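Summary of structural features
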Amino acid sequence: MRSPRIRSSRTHQRITERRFPAGGYRASNLWRQAKEVSGVTLVATQQATTTSTMSVPHGPSGVGAARRRLCRDLRDGGAAESVIDDAALVLSELLSNSCRHARALAHQEVHASWEQNDQGEVRISVTDGGGPTLPAPATPSVTARGGRGLAIIRSLARDWGVRAESFPGPVTVWAVLGGEQPA
């Protein structure tokens, strides 16, 4: 009997190939309702939540690298292009705000992470060393050169927020995009 092979891609989509188990009492739940066709390999696919985390330099150089990896991961996970575009913009804004308004974590880095579930929902978060105030949306004048980052995030995301265990200290800003829209 051939042993099972498991291949994992970065999107944590697991593809398992093996022959139907001879003894039904040993069959896993995955195989219990399958039927064997002589000489045919059964293939089962399970989509799991994809999570990526990376540390990027506290500065503009880390924004592009994080954005490229996010887009690649979401494409590999089958996200819609509109969700990928929005997620890249949200991640860019979160990292840019962190660079401009907050301190770095250890080693002059900021942590960026994203998670994509099987309903198409994407959760993005950026953790930095915090700043003099907690992040809050601003209402800049028409001629202001900045101050629109959180307003952009608020308009693209289904939900967003700020998490700070203790202030001053590390701060995480997160946003949720895609998935089914609430009624």
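Scroll up to find the structure.
The structure reproduced in this document is the subject of the present report. Note that the structure is predicted; figures quoted are calculated from it, not measured. (Residues numbered from 1 in each chain as written. Predicted model: local features only at pLDDT ≥ 70, side-chain atom pairs only at ≥ 80, totals over all residues. Heavy atoms only, no water.)

**Focus: the pairing of strand β8 (residues 171–178)**
Successive residues of a regular strand alternate their side chains across the two faces of the sheet. Under the convention used in this document: Each residue is placed in one exposure class: buried if its accessible area under a 1.4 Å probe, protein chains only, is under 20% of its type's maximum, exposed if it is over 50%, and partly exposed if it falls in between. Put simply, DSSP H or I for four residues or longer makes a helix, DSSP E for two residues or longer makes a strand, and each gets a number counted from the N terminus. Strands pair, by our definition, only if DSSP identifies at least two bridges between them.
Extensive coverage of β8 is indicated by the burial of eight of its eight residues. In this structure, strand β6 (residues 121–128) lies alongside β8, joined through eight bridges in antiparallel fashion. The residue of β8 that forms the bridge with Ser 125 is Trp 174. Sheet topology note: the strand β7 (residues 159–164)/β8 ladder contains six bridges and is antiparallel. Note on β8: the bridge partner recorded for Trp 160 is Ala 175.

**Section: a nonpolar patch on the surface**
Our working definition: Patch definition: residues above 30% relative accessible area lacking any salt bridge, with like charges linked at up to 9 Å and the nonpolar side chains Val, Leu, Ile, Met, Phe, Trp and Tyr linked at up to 5 Å. Here, Shrake-Rupley sampling with a 1.4 Å probe gives the accessible areas, and only protein chains in the shown set may cover a residue. Salt bridges are defined as contacts in which a side-chain nitrogen from Lys or Arg sits within 4 Å of a carboxyl oxygen from Asp or Glu.
On the surface, a nonpolar cluster with roughly 240 Å² of combined accessible area is contributed by Leu 134, Val 162 and Phe 167. Among the structural elements, Phe 167 can be located in the loop between β7 and β8. For Phe 167, a relative accessible area of 43% puts it in the partly exposed group.

**As for the pairing of strand β5 (residues 109–116)**
Judged from the eight bridges that link them, strand β4 (residues 50–57) and β5 form a sheet pairing that is antiparallel. By the bridge assignment for β5, Thr 51 is matched with Glu 115. In the sheet, β5 pairs with β6 via six bridges, with the strands oriented antiparallel. Within β6, the residue paired with Trp 114 across the bridge is Ile 124. Between β5 and β6, which pair antiparallel and follow one another directly, the connecting turn spans four residues, one of which, Gly 120, has a positive phi of 90°.

**Quick look at the packing of helix α2 (residues 60–76) against helix α3 (residues 81–101)**
The relative placement of two packed helices is expressed as an angle between their axes plus a distance between the axes. As a reminder of what qualifies: Inter-axis angles, ranging from 0 to 180 degrees, are taken between N-to-C directions of lines fitted to C-alpha atoms, where helices are fitted over the stretch in contact. Should an angle fall under 35 degrees it is taken as roughly parallel, and over 145 as roughly antiparallel, whereas 65 to 115 is taken as roughly perpendicular and any remaining angle as oblique. Should the near helix be turned anticlockwise from the far one by less than a right angle, the crossing is termed left-handed; should it be turned clockwise, right-handed. We call two residues contacting when some pair of their heavy atoms lies within 4.5 Å. Residues are grouped as follows: Ala, Val, Leu, Ile, Met, Phe, Trp, Tyr, Cys and Pro are nonpolar; Asp, Glu, Lys and Arg are charged; all remaining types, including Gly, are polar.
Running from amino to carboxyl end, α2 crosses α3 at an angle of 155°, the nearest separation of the two axes being 9 Å. One way to sum up the angle between α2 and α3 is to call them roughly antiparallel. Both α2 and α3 take part in a crossing whose hand is right-handed. Seen from α2, the contacting residues are Pro 60, Gly 62, Val 63, Ala 66, Arg 67, Leu 70, Cys 71, Leu 74 and Arg 75; seen from α3, they are Glu 81, Ile 84, Ala 87, Ala 88, Leu 91, Ser 92, Leu 95, Ser 96 and Cys 99. Class assignment of the residues belonging to the contact of α2 with α3 gives a composition of 12 nonpolar, three polar and three charged.

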